[in-house]
Amino acid sequence: MEEAENKQNFVHESDVEQAVAAIFKLTKLSRTENKNRNILSNDVHGNGTISMEIFIKLIPTMKNQKMLNVIVPHPIYSPETTRVCFFVKDQSKRDNDHDMTKAQYKHVFYKAGFTCVSEIIPLHQLRREYKDHELRIKLCNSYDLFMSDSRLMAYMPELLGTIFWQRKKFPRKIRMDEEFMKDDIMKMLNSVTFYMHGRASVYVVHIGTLGQTEKQVGENILAFLNFIRHRILGGWDNVQVINLKTDYSMSIPMYFSAGTGKKIQFNLRENWRNKPVIDEISTTKRIGDRIAVYPDGRVKLIRGKRGTDDSDSDSDFDDEPVKKKRVLKKKAVKRKDAVGEKKAAKTTNAADLKKSVKKTNECK
């Protein structure tokens, strides 16, 4: 019964076909009305991008964004015409010697058969030459797709800023080993990236191009929705509206759900990296103490309840204050000793001065 209800609530293929046909008709009308306007100026290799807007009912609580690479039957990127910028690790110890690093990686990509990599930027060059926000915007608009060495992904958010997230062009992770590099690059060229976050109630994904046929775009949409229906936060019941649009057109509705979000429960598996491993600890005197070890190495002691024996529990609760008092007493004693030494030194100096004065008077 649940599967039948989910199929009824899911997007119908006829609705997808109607929405895609409406987008292509709207694009043709806009071309004829605005001949002098280049509506494809910022699109993927001049074919025009078709985006899908997914509105959700409840916004999940997420600290970090997630990138899901979804393989589609008709890729929007091609190895021949797509302009790819690749961020690589420096091979030369000299800071200014970027040509050596670029030449080595050009040979690697050429040997693997990838001619779409039109620009290679080493990490040191990215740090030094792209500090300004305007230069980052120019870099983001200059290429269709960005890839990065998997070892450098931790530096990318700081070095690139938020503009790459906003334009849906954040670098995709590539393993540079010979075994995985070719497969990873082909996977990224054949997939679309879905950004999940907890900042707003809408997700946007580039699902096709105007250079493709209506059938190809429709198949991409269905393949993408079938992939994310069980992976989107809150489940498919959390999806309220799905629209199709281009960069310069209005949104065409494709799916609508009139239900409320009262019964939606978020799966907390997305926060599994922040969850600690909790276990009992026997090195403390307090009964029921536990220790929590976090993935980043942090260790936290979780205090338990008092035991049944009042004398033991009282002594356990008094352990820490006594230690603090002892430390304070030691510090106070040290301070008194230091003050006493200073006073003694002053008195000895005064006595020496008096003796010297008496001697001088006697000599006179």
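These remarks concern the structure in this document. (Residues numbered from 1 in each chain as written. Predicted model: local features only at pLDDT ≥ 70, side-chain atom pairs only at ≥ 80, totals over all residues. Heavy atoms only, no water.)

## So, the sheet that holds strand β1 (residues 49-56)
At step 1: Spatially, the four strands line up as an open sheet ordered β8-β1-β9-β10, and their pairing is antiparallel. A strand with exactly one partner marks an edge of an open sheet, and here the two such strands are β8 (202-209) and β10 (252-256). Going across the sheet, the axis of each strand differs from the next one's by a mean of 20°, ignoring polarity.
At step 2: Bridging between β1 and strand β9 (residues 239-246) involves seven bridges; their strand directions are antiparallel. For I56, the partnering residue across the bridge sits in β9 and is V239.
At step 3: Packing against the sheet, helix α9 (residues 214-228) makes contact with β1, β8, β9 and β10, and its axis sits at approximately 30° to β1. (Pairing = 2+ DSSP bridges. Helix = DSSP H or I, 4+ residues; strand = E, 2+ residues; numbered from the N terminus. Axes fitted to C-alpha atoms, helices over the stretch in contact; angles between N-to-C directions. Contact = heavy atoms within 4.5 Å.)

## Description of the packing of helix α3 (residues 98-112) against helix α8 (residues 181-189)
At step 1: Two elements in contact, α3 and α8, have axes separated by 11 Å at closest approach and are oriented at 75°. The angle between α3 and α8 places the two elements in the roughly perpendicular class. Contacts between α3 and α8 involve V108, F109 and A112 on the former and, on the latter, M181, K182 and I185.
At step 2: Tallied by class, the residues present in the contact of α3 with α8 amount to five nonpolar, no polar and one charged. (Parallel < 35°, antiparallel > 145°, perpendicular 65-115°, else oblique. Nonpolar A, V, L, I, M, F, W, Y, C, P; charged D, E, K, R; others polar.)

## Examining α3
At step 1: With 15 residues, α3 extends 21 Å from end C-alpha to end C-alpha; this agrees with the ideal 21 Å at 1.5 Å per step.
At step 2: Against the buried residues of α3 lie β3 (84-88), β4 (117-122), α4 (123-129), β5 (145-149) and α8.
At step 3: Phi for G113, located one or two positions after α3, is positive at around 90°. (Expected span 1.5 Å × (residues − 1).)

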